Amino acid sequence: MARLSLLPRDDAFFELFTEAGRNTLHAAQLLDRMMGTWPDDGGLAREVLKAEQEGDRITHDIVRRLNTTFVTPIDREDIYGLATKLDDIVDYTEEAADFLGLYQIEAPMAQAQALTRVLVSACEQLAMGLENVRGFRDLERYWIEIHRLENEGDRISRDAVASLFSNGIDPMVVIRWKDIFAVLENAIDATETAAQIIEGIVIKNS
């Protein structure tokens, strides 16, 4: 049975989470476009940075509201944990975009493009789940699919790192691509952690 309270609850958190979910998807889609057109940036890196700054703004709004709200619709630690993890996704996405320029990447590896597509798919599932989290029902399909995508990302990342060491690639190039693969995997992992928090929220409120 859901918790009852005689005090009003601030349901604006759900709107902010929906906003955050859409922003993670927007950032991932921008990175995917970068991976498909690089080195022709076309200003996409700047747009990813704007999405990262928007993520910071949403996270700040959530934390500020959390600090000024007496009764919350879900547990405070879940609100903070979910907000932080959604912010992490966009931070890692922006970091991957930044690495393309910082490391002077000539052309993206196919595995990096594949990882970015996995990230987009995971963010799509996460955004849809966040749009429906208010009702605490029928969300299982989202976290199950995100878990599957995270496993797929792990496989692609392992294959990518193995290919770096099997083709006689320059050691400096290996280091750069290992960093990019790692940050893309971190972004995908963060989507699964966010999905796990949503699963916990559903269990607590069912």
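The sections below set out a description of the structure shown in this document.

As for empty space enclosed by the protein
The final tally for this structure, using the stated rule, is 2 cavities of 30 Å³ or more. Ala-20, Asn-23, Thr-24, Gly-55, Ile-58, Thr-59, Ile-62, Leu-86, Asp-87 and Val-90 together form the lining of the largest cavity. Sorting elements by how many residues they give to the lining of the largest cavity places helix 2 (residues 44-68) first, with 4 residues. Broken down by class, the residue content of the lining of the largest cavity amounts to 5 nonpolar, 4 polar and 1 charged. In this model, the second largest cavity occupies a volume close to 40 Å³.

A short note on unusual backbone geometry
In this structure, the amide linkage connecting Trp-38 to the following residue, Pro-39, adopts the cis form with an omega of 15°. Mapping Pro-39 onto the fold places it in the loop between helix 1 (12-37) and helix 2. Even without a glycine there, the phi angle at Gln-104 is positive, about 50°. Along the chain, Gln-104 falls in the loop between helix 3 (76-102) and helix 4 (110-131). Even without being glycine, Phe-136 reaches a positive phi, approximately 60°. Relative to the helices and strands, Phe-136 resides in the loop between helix 4 and helix 5 (140-164).

Side note on the environment of Arg-134
Within the fold, Arg-134 resides in the loop between helix 4 and helix 5. Measuring from C-alpha to C-alpha, the distance between Arg-134 and Ile-74 comes to 9.6 Å, with 60 residues separating the pair along the chain. Those residues in contact with Arg-134 that lie beyond four places of it in its chain are Asp-11, Phe-14 and Glu-15. Reaching out from Arg-134, the side chain makes a polar contact with the side chain of Glu-15 at a distance of 2.6 Å.

Thoughts on the pattern of salt bridges
Per the stated rule, a full pass over the model turns up 14 salt bridges. A salt bridge links Arg-148 to Glu-145, with the nearest nitrogen and oxygen atoms 2.7 Å apart. One end of the pair is Arg-148 and the other is Glu-145, both in helix 5 and 3 residues apart, which spans about a single turn. Using a relative accessible area of 24% as the deciding quantity, one classes Glu-145 as partly exposed. Linking Arg-155 and Asp-159 is a salt bridge whose minimum nitrogen-to-oxygen distance equals 3.6 Å. On the criterion of helical spacing, the pair formed by Arg-155 and Asp-159 is a turn pair, its members being 4 residues apart in helix 5. Judged by its relative accessible area of 41%, Arg-155 falls in the partly exposed class. One network of salt bridges, with partners in common, ties together Glu-19, Glu-54, Arg-57, Asp-61 and Arg-64.

Side note on the side chain of Asp-61
Along the chain, the position of Asp-61 falls in helix 2. By relative accessible area, Asp-61 is classed as buried at 16%. A distance of 2.7 Å separates a polar atom in the side chain of Asp-61 from a polar atom in the side chain of Arg-57.

Rules of the game
Going along each chain's sequence as written, the residues are numbered from 1 onward. Local features in this predicted model are restricted to residues of pLDDT 70 or higher, and side-chain atom pairs are both shown and tallied only at a pLDDT of 80 or more, whereas totals for entire chains, interfaces and linings draw on every residue. The basis for the side-chain values is all heavy atoms of the structure; hydrogens and waters are excluded. Here the term cavity refers to a set of points on a 1 Å grid, laid over the protein atoms alone, in which a 1.4 Å probe fits but cannot get out; the term pocket refers to an open set having protein on both sides within 12 Å along at least five of seven lines, with lining residues being those that place an atom within 4 Å of a point. Grid points are joined across faces, edges and corners, and a volume is the space filled by probe spheres set on the points. A helix here means a DSSP run of H or I that spans at least four residues, while a strand means a run of E at least two residues long, and both kinds are numbered starting from the N terminus. Following the grouping adopted for this structure description, the nonpolar residues are Ala, Val, Leu, Ile, Met, Phe, Trp, Tyr, Cys and Pro, the charged ones are Asp, Glu, Lys and Arg, and the polar ones are all others, Gly among them. Here a residue-residue contact requires only that any non-hydrogen atoms of the pair lie within 4.5 Å. What qualifies as a polar contact is a pair of N or O atoms within 3.5 Å, subject to a donor-acceptor requirement within protein and to the restriction that residues adjacent in sequence count only when both atoms come from side chains. Just to be clear on terms, a salt bridge is a Lys or Arg side-chain nitrogen sitting within 4 Å of an Asp or Glu carboxyl oxygen. Buried, partly exposed and exposed residues are distinguished by accessible area as a fraction of the type maximum, computed with a 1.4 Å probe on protein chains only: under 20%, between the cut-offs, and over 50%, respectively.

These values are about where atoms sit, not about what they do.
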